[in-house]
Amino acid sequence: MKTFEELILVNYCYPDCIPLKNIMRLPQKEAFALASVFAESHPETTAFYRFADFENYYELRKSQDEYLYSRFIELGGTPEEKHPLSFVIEGSDYLLDWFGKVIESRLRLRDILPCHISFTIGDSGADYKKYGNIKLLTMEDIKKQLLKYDNDFDAFMEAMGRHYVEAQLWTDKYITEEYLIK
């Protein structure tokens, strides 16, 4: 059983993509052009379905990120980017199946300052689409939740009934050789 300090953040990226990027950070015209390329080159891959309907995905994601950004500030976060990079705590078999063959980028959770990261239990996009809001958690919130399960992340996940805990990294400060786990 890992302690909170030992938990790892994992980002999944399809091999044809550039790891640790967010399409929402591109100017709108470039984002739509790239989404079109992704959708055409990977029609059979689940992770790319959102790009086939990018017009709807873009507006939803834009609204979702605005919500997350403002909520994170309300919780005391200091985002350096308007659109976060998405990770999951300890990885996810569900996402591995969803992405297919992937490039994984890993960071130690303990290396991230609490003011740069937020969390959701499950997929923030799916919850935002379904409910119009998202329960955003801070690093302290996640620590408290895990304490209820004696810091047993697997027991916590089983009790939550979700596939993963999503982490939103609000800065690129940690996307360097110094922090990335090889």
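Above this text is the structure in question.
Residues numbered from 1 in each chain as written. Predicted model: local features only at pLDDT ≥ 70, side-chain atom pairs only at ≥ 80, totals over all residues. Heavy atoms only, no water.

1. Topic: the pairing of strand β2 (residues 85-89)
For β2, the buried fraction is high: 4 of the 5 residues fall into the buried class. Across 2 bridges, the pairing between strand β1 (residues 8-13) and β2 is antiparallel. Residue pairing in the sheet places leucine 9 in a bridge with isoleucine 89 of β2. In the sheet, β2 pairs with strand β5 (residues 165-169) via 4 bridges, with the strands oriented antiparallel. Across the sheet, residue serine 86 finds its bridge partner in β5, namely glutamine 168. (Buried < 20%, exposed > 50% of the residue type's maximum accessible area, 1.4 Å probe, protein only. Helix = DSSP H or I, 4+ residues; strand = E, 2+ residues; numbered from the N terminus. Pairing = 2+ DSSP bridges.)

2. So, helix α5 (residues 124-131)
Of all the residues in α5, the buried ones are Ser124, Gly125, Asp127 and Tyr128. Down the axis of α5, the buried side of the element spans an arc of 165 degrees, and every buried residue falls inside it. α5 presents Lys129 and Lys130 as exposed residues on the side facing more than 90 degrees away from its buried surface. The secondary structure elements touched by the buried residues of α5 are α3 (54-74), β4 (117-121) and β5. Once α5 finishes, glycine 132 follows within two positions and takes phi at roughly 80 degrees, a positive value. (Arc of directions from axis to C-beta. Contact = heavy atoms within 4.5 Å.)

3. Some details on the nonpolar core
In this structure, Leu9, Phe119, Ile142 and Val165 are the most contacted members of the largest nonpolar core, which totals 25 residues. Of all the secondary-structure elements, those providing two or more residues to this core are β2, β4, α6 (139-147), α7 (153-160) and β5. (Core = buried A, V, L, I, M, F, W, Y, C linked by side-chain atoms within 4.5 Å.)

4. Here we look at a negative patch on the surface
A grouping of Asp53, Glu55, Glu59 and Glu66 is seen on the molecular surface, where their side chains present a negatively charged patch. With respect to the helices and strands, the residue glutamate 66 is situated in helix α3. Take glutamate 66: its relative accessible area is 49%, and that puts it in the partly exposed class. (Patch = residues over 30% accessible without salt bridge, like charges linked within 9 Å, V, L, I, M, F, W, Y side chains within 5 Å. Areas by Shrake-Rupley, 256 points an atom, 1.4 Å probe, with all protein chains shown as cover. Salt bridge = Lys/Arg side-chain N within 4 Å of Asp/Glu carboxyl O. Lys, Arg positive; Asp, Glu negative; His and termini not counted. Charge placed at Lys NZ, Arg CZ, Asp CG, Glu CD.)

5. Focus: the packing of α3 against α5
Where α3 meets α5, the closest approach of the two axes is 10 Å, and the angle between their N-to-C directions is 100 degrees. Judged by the angle between their axes, α3 and α5 are roughly perpendicular. Residue-level contacts link Leu60, Ser63, Gln64, Tyr67 and Leu68 of α3 to Ser124, Gly125, Tyr128 and Lys129 of α5. Per-class residue counts for the contact of α3 with α5 are 4 nonpolar, 4 polar and 1 charged. (Axes fitted to C-alpha atoms, helices over the stretch in contact; angles between N-to-C directions. Parallel < 35°, antiparallel > 145°, perpendicular 65-115°, else oblique. Nonpolar A, V, L, I, M, F, W, Y, C, P; charged D, E, K, R; others polar.)

6. A closer look at the state of the cysteines
Considering all chains together, one arrives at 0 disulfides under this definition. Among the cysteines around cysteine 13, which has no disulfide bond, cysteine 17 carries the closest sulfur, lying 4.8 Å off. Using a relative accessible area of 6% as the deciding quantity, one classes cysteine 13 as buried. (Disulfide = S-S within 2.5 Å.)

7. Some points on unusual backbone geometry
Unusually for a residue other than glycine, leucine 20 sits at a positive phi of about 60 degrees. Judged by its relative accessible area of 10%, leucine 20 is buried.

8. Details of the packing of aromatic side chains
Inspection of every chain in the model, using the stated rule, returns 11 aromatic pairs. Aromatic ring contacts, followed pair by pair, group Phe32, Phe54, Tyr57 and Tyr58 into a single cluster. (Phe/Tyr/Trp six-rings, centres within 6.5 Å; stacked < 30°, edge-to-face > 60°.)

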